[in-house]
Amino acid sequence: FIFNGREYERRLSALERAKWKLDKAEADAAKSNKHEKRLQRAKDEYADACSHVARSHSAPGIYTSIFFVILLRILGAEHKGKVMALLPFVPLKFISRITARGLDWSGVEDEAVFSELSVGYQQATSFLFIYFCSALSVKFFVHKAFGTQPPPGADRGLMNIMESPGGKRLLKNFGIDADELLKEE
């Protein structure tokens, strides 16, 4: 719905025009130095057009992330402290901190119960780990099925917005040196 609207089509055509103007200005600047001002204006227009297209592609990702955070809170409250699955191996200590997040084993008094089952409590997996793995795969497949790739030049997302003249002004208003921040990529 976002990528089929007139506003998005208008932004794409503005991006194509800005790219054509930039190519022409670069060709003219290569011939003589008197076109430097026009080249800089064309670069600014192109960066601005890229940021407008990138904004269109950022909104669905933000909405999806908000949805998944809300879903995590709702399902996490329901499944808090429950063992959701058992891993077929005992994970390394730093991995078990992730897989068993939210599980409280301080009340385990008799580990012999686990030896009869041929599993250890270290193999238990919490809801958070299952949710994290599921959410990653669901987001990936939803994006592949319904997502639209941004055109070349606008495919850097938030960086396109920050590199535009409007983004640099906004960073300057917050007291951040835009050139220094963008050099750290």
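We now turn to the structure provided with this report. (Residues numbered from 1 in each chain as written. Predicted model: local features only at pLDDT ≥ 70, side-chain atom pairs only at ≥ 80, totals over all residues. Heavy atoms only, no water.)

## Some remarks on the nonpolar core
Okay, so step 1: Membership of the largest hydrophobic core comes to 14 residues, with the highest contact counts inside it found for L15, L22, L39, Y46, C50, V53 and A154.
Okay, so step 2: When contributions to this core are tallied by element, the ones reaching two or more residues are α1 (6-31) and α2 (36-78).
Okay, so step 3: Broken down by element, the residue count for this core peaks at 7 residues, all from α1.
Okay, so step 4: Dropping the residues within four chain positions of it, Y46 is found in contact with L15, A18, K19, L22, P152 and G153. (Core = buried A, V, L, I, M, F, W, Y, C linked by side-chain atoms within 4.5 Å. Buried < 20%, exposed > 50% of the residue type's maximum accessible area, 1.4 Å probe, protein only. Helix = DSSP H or I, 4+ residues; strand = E, 2+ residues; numbered from the N terminus. Contact = heavy atoms within 4.5 Å.)

## A look at the packing of α2 against helix α5 (residues 127-146)
Okay, so step 1: Running from N to C, α2 and α5 point in directions that differ by 155°, and their axes come no closer than 11 Å. Comparing their axes, α5 and α2 come out roughly antiparallel. The two elements α2 and α5 cross, and the hand of that crossing is right-handed. Contacts between α2 and α5 involve T64, S65, F68, V69, L71, L72, L75 and G76 from the first element and F127, L128, Y131, A135, V138 and K139 from the second.
Okay, so step 2: A per-class count over the contact of α2 with α5 returns 10 nonpolar, 3 polar and 1 charged. (Axes fitted to C-alpha atoms, helices over the stretch in contact; angles between N-to-C directions. Parallel < 35°, antiparallel > 145°, perpendicular 65-115°, else oblique. Left-handed = near helix turned anticlockwise from the far one by under 90°. Nonpolar A, V, L, I, M, F, W, Y, C, P; charged D, E, K, R; others polar.)

## A few points about a nonpolar patch on the surface
Okay, so step 1: A contiguous nonpolar patch, built from I62, Y63, I66, I70 and I74 and spanning about 540 Å² of accessible area, is present on the exposed surface.
Okay, so step 2: Turning to its location among the elements, I66 is positioned in helix α2.
Okay, so step 3: For I66, a relative accessible area of 45% puts it in the partly exposed group. (Patch = residues over 30% accessible without salt bridge, like charges linked within 9 Å, V, L, I, M, F, W, Y side chains within 5 Å. Areas by Shrake-Rupley, 256 points an atom, 1.4 Å probe, with all protein chains shown as cover. Salt bridge = Lys/Arg side-chain N within 4 Å of Asp/Glu carboxyl O.)

## Notes on the environment of A100
Okay, so step 1: Structurally, A100 is set in the loop between α3 (93-99) and α4 (112-117).
Okay, so step 2: Looking at A100, the relative accessible area reads 17%, which means it is buried.
Okay, so step 3: Along the primary structure A100 and Q123 are separated by 23 residues, whereas in three dimensions their C-alpha atoms are 8.2 Å apart.

## So, α1
Because the α-helix completes a turn every 3.6 residues, residues three or four places apart line up on one side.
Okay, so step 1: Taking 1.5 Å per residue, 26 residues should reach 38 Å; α1 reaches 38 Å between its end C-alpha atoms and fits that length.
Okay, so step 2: Listed as buried for α1 are Y8, L12, L15, A18, L22, A25, D28 and A29. (Expected span 1.5 Å × (residues − 1).)

## Section: the side chain of S51
Okay, so step 1: Within the secondary structure layout, S51 lies in helix α2.
Okay, so step 2: Within the structure, S51 has its side chain in polar contact with the backbone oxygen of D48 (distance 2.7 Å). (Polar contact = N/O pair within 3.5 Å; in protein donor to acceptor, adjacent residues only side chain to side chain.)

## Notes on the packing of aromatic side chains
Okay, so step 1: The final tally for this structure, using the stated rule, is 3 aromatic pairs.
Okay, so step 2: An angle of 75° between the planes, with centres 5.6 Å apart, marks the rings of F67 and F68 as edge-to-face.
Okay, so step 3: A cation over a ring is seen here: K19 above Y46, with NZ or CZ 5.6 Å from the ring centre. (Phe/Tyr/Trp six-rings, centres within 6.5 Å; stacked < 30°, edge-to-face > 60°. Lys NZ or Arg CZ within 6 Å of the ring centre and 35° of its normal.)

## Details of the packing of α1 against α2
Two packed helices can be described by the angle between their axes and the distance between those axes.
Okay, so step 1: Two elements in contact, α1 and α2, have axes whose closest approach is 8 Å; the angle formed by their N-to-C orientations is 155°. In terms of axis orientation, α1 runs roughly antiparallel to α2. Crossing geometry of α1 relative to α2 is assigned as left-handed.
Okay, so step 2: Among the residues forming the contact of α1 with α2, the class breakdown is 14 nonpolar, 3 polar and 10 charged.

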